[in-house]
Amino acid sequence: MNKLIVILGPTSSGKTDLSVKLAKKFKGEVVSADSRQVYKGMDVGSGKVTKKEMAGIPHYLLDVASTRQRFSVAQYQKLAMKAIKKIQTNNKIPFVVGGTGFYIQSITDGVVVPEVKPDWRLREKLEKMTVVEMFEKLKKLDPKRAESIDQKNPRRLVRALEIVLKTGKAVPSLGKNQNKKFEILEIGIIKSRTELKNRIHLRLVKRLKNNLMVKEIEKLHKILSWKRLEEFGLEYRFVAQYLQGKITYQEMMDKIEIESIQYVKRQETWFKRDNRIKWVKNYIEAEKLIKKFI
RNA sequence: GCCGAGGUAGCUCAGUGGUAGAGCACUGCUCUGAAAAAGCAGUGGUCGAAGGUCCGAUUCCUUUCCUCGGCA
């Protein structure tokens, strides 16, 4: 059976370092699972591995999309599965590494997302409705989905309506079957909140040094609107706000740190639901787990 | 020293004679092609201190301490 190793953890937990070391030791190659690192030109702000840090280990799913387009889980799943197969045929072990829980789940659970491509014009129209109106509409068109949906979340409502309106059929129920194609080991990096806080702070200072990150975002703005840049969140959102004069430099720094920690919490909440994850503190513990697994 | 403004949740502030709210922070949670996104819920205050009036004061009065402006 084909083996697959997942290395996950909250932002700033040290996934890159650990995964490169492990990949070297166990003849592995890395498949990134990061919703921002897929974009070309988002390097400093997304904490993308540098060529040097890769230390010769091939990395997939980096720079596979243009920031002008919107990437999605469905695309991720397809590309990542392809990369995984390729790695396995080369008799190497794929290491899926990242912090985007939804992307990871698309591999480990093999979730089948409904085959309905986003229709941005339709979404724009739908978004003009209030959530109450959207929910009422969904209740009529797809009462079953309406039962389980988050009634106050416009994104979810828009997507559900999009599926129903485009296909004329109800949203298929989610079959959460484990991916049977692989034998999977999921390793999570555990770090205390205070340590993550420190690391996030130091990382931010480093990224701000020499204006590296600000320059990167100014460059991105040449082809992207501020609005679009703000959609990317965290460093991209607040540096964009700073460059527009909406907030001060200090406010920008504070905001990035606060929201990064909030992001950590959201990631932890997501990972908590997956009890396959084996939590480790360091390289040694991870190495032990993999030795047993192989 | 005098005059004025203010002291209410971790922060910024609203408010009322019948023991208090908001936003943000904080904590927990959700997640069907935007997921660093988008949502939901919850905790939290002896209302600066001490007296007084009142059935009752955070709200009115007095004193006091502190902060910020202006004048000396």
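In this text, all values refer to a predicted model and were calculated from it rather than measured experimentally. (Residues numbered from 1 in each chain as written. Chains lettered and ligands numbered in written order. Predicted model: local features only at pLDDT ≥ 70, side-chain atom pairs only at ≥ 80, totals over all residues. Heavy atoms only, no water.)

(A) Expanded view of the protein's contact with RNA strand B. Near RNA strand B, the surroundings consist of 50 residues, among which Ser 35, Pro 114, Arg 155, Lys 265 and Arg 273 are the closest. Of everything in RNA strand B that lies within 4 Å of the protein, sugar and phosphate atoms constitute 59%. One of the backbone N or O atoms of Gly 45 is found 3.2 Å from a base nitrogen in RNA strand B. A per-element tally of the surface near RNA strand B places helix α13 (residues 249-272) first, with eight residues. Looking at the surface near RNA strand B residue by residue, the classes come out as 19 nonpolar, 10 polar and 21 charged. (Near = heavy atom within 4 Å. Polar contact = N/O pair within 3.5 Å; in protein donor to acceptor, adjacent residues only side chain to side chain. Helix = DSSP H or I, 4+ residues; strand = E, 2+ residues; numbered from the N terminus. Nonpolar A, V, L, I, M, F, W, Y, C, P; charged D, E, K, R; others polar.)

(B) View of helix α12 (residues 234-243). For α12, the tally of buried residues reaches seven of 10 residues, placing the bulk of the element in the interior. Within the span of α12, buried status applies to Leu 234, Glu 235, Tyr 236, Phe 238, Val 239, Ala 240 and Gln 241. Lining the buried residues of α12 we find α9 (193-208), α10 (212-221), α11 (226-231) and α13. Phi for Gly 245, located one or two positions after α12, is positive at around 80 degrees. (Buried < 20%, exposed > 50% of the residue type's maximum accessible area, 1.4 Å probe, protein only. Contact = heavy atoms within 4.5 Å.)

(C) Looking closely at the nonpolar core. Counting residues in hydrophobic clusters, the biggest one holds 43 residues, and the most contacted among them are Val 31, Tyr 76, Ile 84, Val 96, Leu 229 and Met 252. Of all the elements in the fold, those that place two or more residues in this core are β1 (2-8), β2 (28-33), α3 (73-89), α4 (101-108), α9, α10, α12 and α13. The contact partners of Ile 84, leaving out residues within four places of it in the chain, are Leu 4, Val 31, Pro 94, Val 96, Ile 107 and Phe 182. Core analysis: the next-biggest nonpolar cluster, separate from the first, contains 20 residues, Ala 23, Leu 185, Ile 189 and Ala 286 among them. (Core = buried A, V, L, I, M, F, W, Y, C linked by side-chain atoms within 4.5 Å.)

(D) Highlighting the domain arrangement of chain A. When cut into domains, chain A gives domain 1 (115-171) and domain 2 (193-263). The C-alpha-based centres of domain 1 and domain 2 are spaced at 33 Å. (Domains from an automatic or database assignment.)

(E) Structural view of the pattern of salt bridges. Taken as a whole and assessed by the stated rule, the structure comprises 18 salt bridges. Among the salt bridges present, the one from Lys 139 reaches Glu 136, with a minimum N-O distance of 3.9 Å. Taken together, the residues span about one helical turn, with Lys 139 and Glu 136 both in helix α6 (residues 131-141) at a distance of three residues. For Lys 139, a relative accessible area of 41% gives the class partly exposed. Residue Glu 136 is classed as partly exposed on the basis of its relative accessible area, which comes to 37%. Through salt bridges that share partners, Asp 109, Glu 186, Asp 274 and Arg 276 make up one connected network. (Salt bridge = Lys/Arg side-chain N within 4 Å of Asp/Glu carboxyl O.)

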